[in-house]
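Here is how the chains run, residue by residue.
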Amino acid sequence: MDPSTPSTSSTPPTAPDADDDALLADFHTVLRRLLDRLPGSDAGRRLADALHEHLGTAPHLLAVVSAPVPAHRLVDADIALSEVMAADPDASIIGIAGDARHHMSLGDLVQGFHGPGMSVGQVDYDRMPTGPGTDDQRQVVTSGIRLFTFEGRPVAVRQQGMNRQFGRESGTIEVVAEDRDLSDALMARVQALMDERSVIRGQVLTFGSDPYGQGLAGVTFIERPSVDAAAVVLPDGVLERVARHVIGMGEHRERLVAHGQHLKRGVLLYGPPGTGKTHTVRHLLSATPGTTAVLLSGGSLRFIHDAAKVARAHQPAIVVLEDCDLVAEDRSFAPMGASPLLFEVLDALDGLDADADVAFVLTTNRVEDLEVALSQRPGRVDLAAEIPLPDAEGRRELLRLYGGHLFGAEAISAAAARAEGTTASFTKELVRRAVLAAAIADEPPSDEHLGLALDELMSDTQQLTRSLLGVGSGDDAGLDGAAGMPPGRFSRPARSVASFGTSSDGGISDPG
């Protein structure tokens, strides 16, 4: 037969079998029951159904407004959302079932790409620090959807934390409402409350993780130091001048602004190692309770822009850059030109508004090597204060401070005279060595132990120890009684910031 010729006899199509319809219906019923019994609280309730019921509109038809939340601000976001949500007495929070919640946006979760959509499940929480104390913690939502009304209309806010296991380095807030303007207004309110209620405000912190400290994914809280002015031994007028610049301007901010004067200021503390620059910083922090302080030292100096953002958002603030010569040395000294970190430091100093109540406090052991643009440009650093080697009276005062309750006045005066050219760190170690010698001899500390400890530290065998305490360099001939080491600065080889690790406390525990 010619295949093009239509067949004159054909079998009529088979009519649908009633048994097949019944089988398909049973299969559909079984499948629906299985899906309804998937794990999840609320008896397998569909997430899309829960959102539809609350919003009054199918959620997949609404726009999603989202904003990232840096890891160190997850607690702030939780506090802000909780406060906004507390205004609605009928507010609730639901979770999302299944691992897919870690990988999908809120818009994806309600689209129904995976069968009938995700189910309502458990809310995930995590305890996060809110300060340096072991009890300073808050339980924060890391996966959940808050259902409440804002300005009288229903909204849904998904709150998600960071999770490095799933490649999430920051958190997210996603808002769904029937009106995009309502979503934007809610997001603006939350962001404003994050700044107003921030747990960072008024704290002392540093960037860089400390596995044994109270930290928020790269930010570590530090106990505010307690250092009275009497415990800072400096030449007459130096501490008062520095405190007036750092603290006094903040105390009189309203008058300064009213007369058109800027608040942003920079202070440079310079001098040999071990003379008390860090100790001076500790006093400034102690004298400014309620002021936000960010400490950067060593490798953490690379977070200068983050520190500037924190300072801007949580004024009044102090940003401390210790050993800034590590990244801000004169360009002519750098073998490959200026360090990229140098430009970041300069940008951060220039980037704040003139009326920002932020003080930058920089310390350096090598002021002569500093980049000229950093040390001499008005508006970046406007006060330079030398923290020199202590003179004879300063050494006596230091010995009285650290060991006045242990040794007699005559022994202290004699030791101060012999220790010419030494540092505050040297004096502190001297007293410790004397107490240790007494403990080994099972005797109370005495003037004799102080003399023996000084003999040991000033011997030829202790050259390296003296160098580590800031007294000259390792190749100096050593101290010889009253002649001592010549005062002044002592050079050291330039070192790249890459060779320094992150200090867990921003260098605040360093006696230098």
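Throughout, a residue's number is its position along its own chain's written sequence, starting from 1. Totals for whole chains, interfaces and linings use every residue, but because this is a predicted model, local features are given only for residues with pLDDT of at least 70 and side-chain atom pairs only at 80 or more, for both listing and counting. Side-chain measures were taken over the full set of non-hydrogen atoms in the model, leaving aside hydrogen atoms and water.

1. Things to note about the layout of surface pockets
Approximately 320 Å³ is the volume found for the second largest pocket. Per the convention used, a helix needs a DSSP run of H or I reaching at least four residues, while a strand needs a run of E reaching at least two, with both numbered from the N terminus. Broken down by secondary-structure element, the contributors of at least two residues to the lining of the second largest pocket are helix 6 (238-251) and helix 13 (392-403). Looking at which element gives the most residues to the lining of the second largest pocket, the answer is helix 13, with four residues. Note that Gly is not counted as nonpolar here; it falls among the polar residues with everything else outside the nonpolar set of Ala, Val, Leu, Ile, Met, Phe, Trp, Tyr, Cys and Pro and the charged set of Asp, Glu, Lys and Arg. Residue composition of the lining of the second largest pocket, by class: 11 nonpolar, three polar and five charged. A cavity, in this analysis, means grid points on a 1 Å lattice covering only the protein atoms where a 1.4 Å probe fits yet has no way out; a pocket is instead an open set bounded by protein on both sides within 12 Å along at least five of seven lines, and a residue lines either one if it has an atom within 4 Å of a point. Grid points are joined across faces, edges and corners, and a volume is the space filled by probe spheres set on the points.

2. Side note on the pairing of strand 7 (residues 171-177)
With six of seven residues buried, strand 7 is to be regarded as a mostly interior element. Strand direction decides the pairing type here: strand 1 (residues 64-69) and strand 7, joined by six bridges, are antiparallel. The partner of Val65 across the bridge, within strand 7, is Val175. Pairing geometry for strand 6 (residues 153-160) and strand 7, over six bridges, is antiparallel. Bridge pairing in strand 7 places Gln160 opposite Thr172. Relative accessibility under 20% of the residue-type maximum defines a buried residue, over 50% an exposed one, and the middle range a partly exposed one, all with a 1.4 Å probe and only protein chains included. Whether two strands pair comes down to DSSP finding at least two bridges between them.

3. Regarding the environment of Pro289
Its place among the elements puts Pro289 in the loop between helix 8 (277-286) and strand 11 (292-297). Judged by its relative accessible area of 63%, Pro289 is exposed. C-alpha of Pro289 to C-alpha of Gln203: the two residues are 86 residues apart in sequence and 8.5 Å apart in space.

4. Comments concerning the confidence of the model for the chain
The quantity known as pLDDT measures the predictor's confidence residue by residue, on a range of 0 to 100. On average, residues of the chain score 80 in pLDDT, and 77% of them reach the 70 mark or higher. The secondary-structure element of the chain with the lowest mean pLDDT is helix 12 (residues 372-375), recorded at 66, while helix 3 (residues 74-85) shows the highest, at 96. Note that residues 39-43 has pLDDT below 50 and, in this model, 10 contacts with residues that lie over four places away or in other chains. Every residue in residues 473-507 is under pLDDT 50, and counting partners more than four places away or in other chains gives 79 contacts. Whether two residues are in contact is decided by their heavy atoms: any pair within 4.5 Å suffices.

5. Remarks on helix 13
Relative to the 16 Å expected for 12 residues at 1.5 Å per residue, helix 13 spans 16 Å between its end C-alpha atoms, a close match to the ideal helical length. Those residues of helix 13 that sit buried are Gly394, Arg395, Leu398, Leu399 and Gly403. Projected onto a plane normal to the axis of helix 13, the buried residues spread over an arc of 135° and lie on a single side. Of the surrounding elements, those touching the buried residues of helix 13 are helix 14 (409-418) and helix 15 (424-440). For a helix, the expected span equals 1.5 Å multiplied by the residue count minus one. When we speak of the arc, we mean the arc of directions from the helix axis to the C-beta atoms.

6. A word on the nonpolar core
In plain words, nonpolar cores are sets of buried Ala, Val, Leu, Ile, Met, Phe, Trp, Tyr and Cys residues tied together by side-chain atoms within 4.5 Å. Residues Phe148, Ile173, Leu186 and Val190 are the most contacted members of the largest nonpolar core, which totals 30 residues. For this core, the secondary structure elements donating two or more residues are strand 1, helix 3, strand 5 (137-150), strand 6, strand 7 and helix 5 (180-196). Not counting residues up to four positions away in its chain, the partners in contact with Ile173 are Val65, Ser66, Ala67, Val69, Ala77, Leu81, Val157, Arg158, Met187 and Val190.

7. Here's the deal with the packing of aromatic side chains
Any pair of Phe, Tyr and Trp rings, taking the six-membered ring for Trp, is counted once the centres come within 6.5 Å. Such a pair is stacked with planes under 30 degrees apart, edge-to-face with planes over 60 apart, and tilted for the rest. Tallied over the entire structure, the rule returns one aromatic pair. Here the aromatic rings of Phe207 and Phe303 are separated by 5.6 Å at their centres, their planes lie at 25°, and the arrangement is stacked. You can see Phe207 sitting in strand 8 (residues 204-207) and its partner Phe303 sitting in the loop between strand 11 and helix 9 (304-313), a full 96 residues away along the chain.

8. Some words on the packing of helix 14 against helix 16 (residues 447-457)
Between N-to-C directions, angles cover 0 to 180 degrees, with each direction set by a line fitted to C-alpha atoms, over the stretch in contact for helices. Relative to each other, helix 14 and helix 16 sit at 10°, their axes nearing to 10 Å. For the element pair helix 14 / helix 16, the angle class is roughly parallel. Counting all contacts with helix 14, which are made through Ala411, Ile412, Ala415 and Arg418, the residues of helix 16 involved are Asp447, Leu450, Gly451, Leu454 and Asp455. Its residues assigned to classes, the contact of helix 14 with helix 16 comprises five nonpolar, one polar and three charged. An angle below 35 degrees is read as roughly parallel, one above 145 as roughly antiparallel, one from 65 to 115 as roughly perpendicular, and any other as oblique.

9. Details of the sheet that holds strand 11
The mixed open sheet is built from seven strands, whose spatial order is 9-8-11-12-13-10-14. Either end of the sheet is taken by a strand with one partner, and the two such strands are strand 9 (219-222) and strand 14 (383-386). Here the strands of the sheet are splayed against their neighbours by 20° on average, with no regard to which way each runs. Looking at chain direction, strand 12 (residues 317-322) and strand 13 (residues 358-364) are connected through five bridges and run parallel. Each bridged residue has a counterpart across the sheet, and for Leu321 the counterpart in strand 13 is Leu362. Against the sheet, helix 8 contacts strand 8, strand 10 (265-270), strand 11, strand 12 and strand 13, and its axis sits at roughly 160° relative to strand 13.

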